[in-house]
Amino acid sequence: MSLLIPAPRSPRELLTAFAHYDEQRGIEGFLDAFDFHGVTPHQVYYSVLGRLPESVQAARMAADYDARRHMHDAIASPEFQRNFIGTVLHSFPEKQRVFFVHVPKCAGSDLAKHLLERYPDGCLKQKILRPAYVPGAKARRQLQRLMAKLPEREQIVVMGHFALDGFLSRGLIRYGDVAFSVVRDPISMALSVVNYALTLMELEPQDRPLVALGFIKALNLRMDTHGLPADPAARKQLALQLLHDPKVVPANNLCNFLGRGNADSAFELCATANIELTTVSRYEAWLQQRWGVRKSERANASRQYLRHEDLSADDLAYLHERSQEDRRFYERIDKQLTSSDQLSLFGAQL
Amino acid sequence: MLRRLLRPAAARPLPAPQSPRELLLSLKHYDDAQGLDAFLARFDFTGVSPHQVYASVLGRLPESAQVAATAADYDPRQHFKQMLLSEEFQSHLIAYVLRAFPEKKRLCFVHVPKCAGSDLASHLMQRYQGAFIGQLDQDPLHIAPERLPWRLQMLVVNLHRYDTLAVTGHIGLHWLLSEKLLRFGDVSFTVIRDPVDMAVSKVNYVLTLMQRDLSSRTPLVMEWIRRFNLHRYSEGLPTDAQELKQIALAMLRDTKIVPQENICSFLGSGTARSALDLCASANIELTTVSRYEAWLKARWGIASSARVNESNKILSRTDLSADDLVYLSQLRREDMQFYQRLDERLTATGRLSIFGAEI
């Protein structure tokens, strides 16, 4: 006779139990371990979603209420997945939090790869929040691995294309936690994103990651379009078309990720979080000094379809116009790092 | 020689607190006779940054680059003191204390004004002497910021004896929920009343306080005189009963004294619908003033109650004209709707209280 354990009463209890989640048996198998006698909608809402029910309708216990069914649906819900990271962090306040704000096209994939090696099954990636990228079953598997290792870890690593403001406004970054980011010259960032888009589009349709869909949409191409034009002039034309598409190259993206769209807000938020900042040009030296990683073969590096010298005066003027705030932010960091001869600085020093 | 050996060694400096919990627990070393400066002198502030001071005293990170930067002449001890005496520290005290001790179950009493709440609060204070924090602790008119370290010391030296932290005051249920201060397993309750009786009680309360001689008026009453524009009565009220009743009836229609919705503002966001939803969400226990004494006995084992904070009966419901009643029922339409639903449900079940999810 197997003994049932009391159904979880808090997100921490639920997540701790997730260490025993068996992918083969799924949510049903997971729930077999619990005694649901006397469990109310309030208990299910709180333990799975970390909140209380939002209305009379959701709170009321119908005569035919089935707590197990309710918990099953709550665990399978997009809300549970959407809040994975916040729920894990809030549930284990004793763990130090390590945040990597990955500004797109700033050597972030490479740094993420090193972090994943250093903290195997100890990282929460932003993609886990998006069922389109990580389906529920896969997300639960990742959660199981994280929870199985968590007792022996002192830190939880969070990484991805998050805006710093999102962490700060939800009180997720606390004094004593660690946050860092890598930034880059805004023109190089723009070129890099275009080259990345073209690199993905050159892949066979079945090999393209989901992110390629956005780039393909920007060019009004079909997802099943094969490869890129062979003619260099046509390729360059395609590249320039992407460069001028605000969905592909958003304005002031550094300041979008580290602030609220402008340099002043980025200075403020970086100071508040006291985030450590370095630049792509200092990245390898910083990687060695900060993380002891001697050599980095850049993960996610793209082919160089478009180079600085390919840009016309008009292209440059366009990019300058759209990256004024980013340039102000980047130049201040770069100048300060140059004058102090350091590889990184902290937000409160800016 | 022996005396010298027995003399306590000079207290070693304590590490400066890094979190609200550390700060609150360190208050056990506070000596009220010596004050805040002597308390802060016990800490080693070497290397303490503005971030650490913000995090430990205000429970948050600095809001801007200007306050986050460590100036060359930065004095963390002075900063710490300044933050401890700040309006922000005091005005966020309830949330600050609750979050610092997440392992304690929370017992939250939402005190809707003029619904026997002062009486219930006094019983809770007696029961949870060392584990009690109230909205009044957040009010500098009630407790001066300089007295807060002493007040918090009273809390933390006793806290280990309790597995529950009691919270009372005119705090909105919406606030408790939106700040995520109420969790599954915590307990909340409130007492409500017929909205017309509440309005009459409020007027009687204000007049009772105004009837006190000038020397015994608290800063809170003086603040009411200012806020409710009662300066013309600041030297005292007429003694003639009829004249007093006329003043009371005029006050009844002053929306600064008798505001529009009151129950639904404390238990919801102003409407009966929102109050029903929030009460269900919190699963708050509700009773009415008419059932209060029986509930007090059944729920808390308190047999009799000589009501605390009871006012003089200057105005009674029978003094109200039909016009007054129509005015109040319109003014408090949402409250009326909420109260009637609760009262009907309690009458139908014969119970003394009901939970939010059952309404």
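Owing to the predicted nature of the structure, the values given are computational and were not obtained by experimental measurement. (Residues numbered from 1 in each chain as written. Chains lettered and ligands numbered in written order. Predicted model: local features only at pLDDT ≥ 70, side-chain atom pairs only at ≥ 80, totals over all residues.)

Caption draft 1: View of the overall build of chain A. Assigned secondary structure in chain A consists of 18 helices and eight strands. Taken along the three principal axes of its C-alpha coordinates, chain A extends 75 × 50 × 40 Å. Looking at chain A as a whole, 38% of its 350 residues qualify as buried. (Helix = DSSP H or I, 4+ residues; strand = E, 2+ residues; numbered from the N terminus. Buried ≥ 20, exposed ≤ 12 C-beta atoms within 10 Å, placed from the backbone.)

Caption draft 2: Fine view of the overall build of chain B. For chain B, the count of helices and strands is 19 helices and eight strands. Across its three principal axes, chain B shows a C-alpha extent of roughly 80 × 50 × 50 Å. Each of the 359 residues in chain B was classed as buried or not, and the buried ones make up 37%.

Caption draft 3: Up close: helix α4 (residues 50-58) of chain B. All names here are of chain B. When you tally the buried positions in α4, you get eight out of nine residues, the bulk of the element. Pro 50, His 51, Gln 52, Val 53, Tyr 54, Ala 55, Ser 56 and Val 57 are the residues of α4 that are buried. Where α4 ends, the next residue or the one after it, Gly 59, has phi of about 70°, a positive value.

Caption draft 4: Geometry of the packing of helix α11 (residues 186-202) of chain A against helix α13 (residues 232-243) of chain A. Residue and element names in this part refer to chain A. Direction vectors running N to C along α11 and α13 enclose 125°, while the axes themselves pass 9 Å from each other. When the interaxial angle is binned, α11 and α13 end up oblique. Crossing angle aside, the handedness with which α11 passes α13 is right-handed. Across from Ala 190, Val 194, Ala 197 and Leu 198 in α11, the residues of α13 making contact are Leu 238, Ala 239, Leu 242 and Leu 243. (Axes fitted to C-alpha atoms, helices over the stretch in contact; angles between N-to-C directions. Parallel < 35°, antiparallel > 145°, perpendicular 65-115°, else oblique. Left-handed = near helix turned anticlockwise from the far one by under 90°. Contact = placed C-beta atoms within 7 Å.)

Caption draft 5: Just the domain arrangement of chain A, in detail. Residue and element names in this part refer to chain A. Taken domain by domain, chain A consists of domain 1 (5-76) and domain 2 (95-187 + 250-349). Contacts between the two partners involve seven residues from domain 1, matched on the other side by seven residues from domain 2. Taken together, the residues of the side of domain 1 that touches domain 2 sort by class into five nonpolar, one polar and one charged. (Domains from an automatic or database assignment. Nonpolar A, V, L, I, M, F, W, Y, C, P; charged D, E, K, R; others polar.)

Caption draft 6: Molecular detail of the interface of chain A and chain B. Listed by partner, the interface residues are 24 residues for chain A and 26 residues for chain B. Elements with a contribution of two residues or more to the side of chain A that touches chain B: α3 (41-49), α4 (56-59) and α15 (263-273) of chain A. Considering each element in turn, the side of chain A that touches chain B owes the most residues, five residues, to α15 of chain A. Tallied by class, residues from the side of chain A that touches chain B come to 13 nonpolar, six polar and five charged.

Caption draft 7: Examining helix α9 (residues 117-127) of chain B more closely. Listing the buried residues of α9 of chain B in full gives Gly 117, Asp 119, Leu 120, Ala 121 and Leu 124 of chain B. Its buried side turned inward, α9 of chain B meets β3 (105-110), β4 (132-134), β5 (164-169) and β6 (187-192) of chain B.

Caption draft 8: Fine view of the sheet that holds strand β7 (residues 285-288) of chain B. All names here are of chain B. Read across the sheet, six strands follow the order β4-β5-β3-β6-β7-β8 without closing on themselves; strand pairing throughout is mixed. The open sheet is flanked by β4 and β8 (354-355), the only strands paired with a single partner. For β4 and β5, the ladder comprises three bridges, and the chain directions are parallel. Within the sheet, the bridge partner assigned to Ile 133 lies in β5 and is Val 167. (Pairing = 2+ DSSP bridges.)

Caption draft 9: Broad picture of the pairing of strand β6 (residues 178-183) of chain A. All names here are of chain A. The buried fraction of β6 is high, at five of six residues. Alignment of strand β3 (residues 96-101) against β6, held across four bridges, turns out to be parallel. The residue of β6 that forms the bridge with Phe 99 is Ala 179. Examined bridge by bridge, β6 and strand β7 (residues 276-279) share four bridges and lie parallel to one another. Paired with Phe 180 across the strands is Glu 276, a residue of β7.

Caption draft 10: Seen up close, the nonpolar core. In terms of nonpolar packing, the biggest core is built from 180 residues, with Val 101, Leu 124, Val 194 and Cys 270 of chain A together with Val 203 and Cys 279 of chain B touching the most fellow members. Not counting residues within four places of it along the chain, the set of residues in contact with Cys 270 of chain A comprises Leu 258, Ile 275, Leu 277, Gly 347 and Leu 350 of chain A. (Core = buried A, V, L, I, M, F, W, Y, C linked by C-beta atoms within 7 Å.)

Caption draft 11: Here's a closer look at unusual backbone geometry. Residues and elements named next belong to chain B. A positive phi angle, near 65°, is found at Lys 114, a position not held by glycine. Along the chain, Lys 114 falls in the loop between β3 and α9. Given 22 C-beta atoms within 10 Å, Lys 114 falls into the buried group. Despite not being glycine, Lys 180 has its phi angle at roughly 55°, a positive value. Relative to the helices and strands, Lys 180 is located in the loop between α11 (173-178) and β6. For Lys 180, a count of 14 C-beta atoms within 10 Å puts it in the partly exposed group.

Caption draft 12: Representation of the pairing of β7 of chain A within the structure. Residue and element names in this part refer to chain A. By the alternation rule, side chains of β7 split into Glu 276 and Thr 278 and Leu 277 and Thr 279, which are all buried. Note that β7 and strand β8 (residues 345-346) share two bridges and pair antiparallel. Within β8, the residue paired with Glu 276 across the bridge is Phe 346.

Caption draft 13: Spatial organisation of the environment of Arg 12 of chain A. Residues and elements named next belong to chain A. Looking at where Arg 12 falls in the secondary structure, it is placed in helix α1 (residues 11-17). Taking the C-alpha atoms as reference points, Arg 12 and Ile 27, separated by 15 residues in sequence, lie 17 Å from one another. What Arg 12 contacts, discounting residues up to four positions off in sequence, is Ser 91 and Phe 92.

Caption draft 14: Seen up close, the domain arrangement of chain B. Residue and element names in this part refer to chain B. Its domain assignment divides chain B into domain 1 (2-67 + 76-84) and domain 2 (97-196 + 260-358). A separation of 35 Å is found between the C-alpha centroids of domain 1 and domain 2. Listed by partner, the interface residues are 12 residues for domain 1 and 10 residues for domain 2. The element best represented in the side of domain 1 that touches domain 2 is helix α2 (residues 20-26), accounting for four residues. In terms of residue class, the side of domain 1 that touches domain 2 is built from eight nonpolar, one polar and three charged.

Caption draft 15: Representation of the sheet that holds β8 of chain A within the structure. All names here are of chain A. In spatial order, the strands read β4-β5-β3-β6-β7-β8; together these six strands make up an open sheet with mixed pairing. Each end of this open sheet is capped by a strand with a single partner; those strands are β4 (123-125) and β8. The pairing of β3 with strand β5 (residues 155-160) spans six bridges and is classified as parallel. Counted as the bridge partner of Phe 100 is Met 159 from β5.

Caption draft 16: The arrangement of the packing of α4 of chain B against helix α6 (residues 76-84) of chain B in detail. Residues and elements named next belong to chain B. Two elements in contact, α4 and α6, have axes separated by 10 Å at closest approach and are oriented at 25°. On the basis of their axis angle, the class for α4 and α6 is roughly parallel. α6 is crossed by α4, and the crossing has right-handed handedness. Within the contact between the two elements, α4 uses Pro 50, Val 53, Val 57 and Leu 58 and α6 uses Pro 76, His 79, Phe 80, Met 83 and Leu 84. Residue composition of the contact of α4 with α6, by class: eight nonpolar, one polar and no charged.

Caption draft 17: The environment of Asp 31 of chain B, seen in detail. Residue and element names in this part refer to chain B. Within the secondary structure layout, Asp 31 lies in the loop between α2 and α3 (35-40). C-alpha of Asp 31 to C-alpha of Trp 150: the two residues are 119 residues apart in sequence and 7.9 Å apart in space. Look past the residues within four positions of Asp 31 in its chain and what remains in contact with it is Ala 38 and Phe 39.

Caption draft 18: Just the environment of Glu 293 of chain B, in detail. As for its position among the elements, Glu 293 of chain B is in helix α17 (residues 292-300). Distance from Glu 293 of chain B to Lys 202 of chain B, taken between C-alpha atoms, is 20 Å for residues 91 residues apart in sequence.

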